[in-house]
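# Coordinate analysis (summary)
In case you want the letters, here they are:
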Amino acid sequence: QVHLVESGGGLVQAGGSLRLSCAASGTIFRINVMGWYRQAPGKQRELVATISGGGVTNYAYSAKNRFTISRDNAKKTVTLQMNSLKPEDTAVYYCNTLATSTPWGSSRDYWGQGTQVTVSS
């Protein structure tokens, strides 16, 4: 079992910055993709950014040029640096990973509990 714990959410004014962090722990054999998703009230959960084990990144259009995802494989952490925040970025942000717990196991999705990001206008 893999556990993900997020930190770093909060309230910020439009144009400000926040840094989200997520740490993976538990029984981990391999962590593949790590990423961030978000869900605003009344909307479906959506991709923000992902990063592969080799560092290949993928961003939602809304996040490009404003957000930066990075990871530390040794520490099993993933970070999302969010700059130039807008009110429409307000959402609960969830950490996600595709990981295996044992050498013979298959990859599965794991989710953190979410952290609230609120951007005021």
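For the structure, see preceding data.
Remember, it's a predicted structure, so these values are computed and weren't measured experimentally.

Moving on: unusual backbone geometry. A positive phi angle, close to 70°, is found at Asn65, a residue other than glycine. Non-glycine residue Lys76 carries a positive phi angle of around 60°. One can find Lys76 in the loop between strand E7 (67-72) and strand E8 (77-82).

Another aspect to go through is the pairing of E8. In the sheet, strand E3 (residues 18-26) pairs with E8 via six bridges, with the strands oriented antiparallel. When the bridges of E8 are listed, Cys22 appears paired with Val78. The pairing of E7 with E8 spans six bridges and is antiparallel. Its bridge partner lying in E8, Ile69 is registered against Leu80. What sits between the antiparallel neighbours E7 and E8 is a turn of four residues, in which Lys76 has the positive phi angle 60°.

With respect to the element layout, Pro41 can be found in the loop between strand E4 (30-39) and strand E5 (46-51). Taking the C-alpha atoms as reference points, Pro41 and Ala60, 19 residues apart in sequence, are found 19 Å from one another.

Turning to the pattern of salt bridges, a few remarks are in order. Counted by the stated rule, this structure contains three salt bridges. As a salt-bridge pair, Arg38 and Glu46 come within 2.7 Å of each other at their nearest N and O atoms. Looking at Arg38, the relative accessible area reads 7%, which means it is buried. Here Glu46 falls in the partly exposed class, since its relative accessible area comes to 36%. Across the pair Asp89 and Arg66 runs a salt bridge, and its minimum N-O distance is 2.8 Å. Here Asp89 is found in the loop between E8 and strand E9 (91-100), whereas its partner Arg66 is found in the loop between strand E6 (57-59) and E7, with 23 residues between them in sequence. Taken individually, Asp89 and Arg66 each receive the classification buried, so the pair is uniform in this respect. Taken together, the shared-partner salt bridges in this structure form one network comprising Arg38, Glu46, Arg66 and Asp89.

Cut-offs and rules
- Residues numbered from 1 in each chain as written.
- Predicted model: local features only at pLDDT ≥ 70, side-chain atom pairs only at ≥ 80, totals over all residues.
- Heavy atoms only, no water.
- Helix = DSSP H or I, 4+ residues; strand = E, 2+ residues; numbered from the N terminus.
- Pairing = 2+ DSSP bridges.
- Salt bridge = Lys/Arg side-chain N within 4 Å of Asp/Glu carboxyl O.
- Buried < 20%, exposed > 50% of the residue type's maximum accessible area, 1.4 Å probe, protein only.

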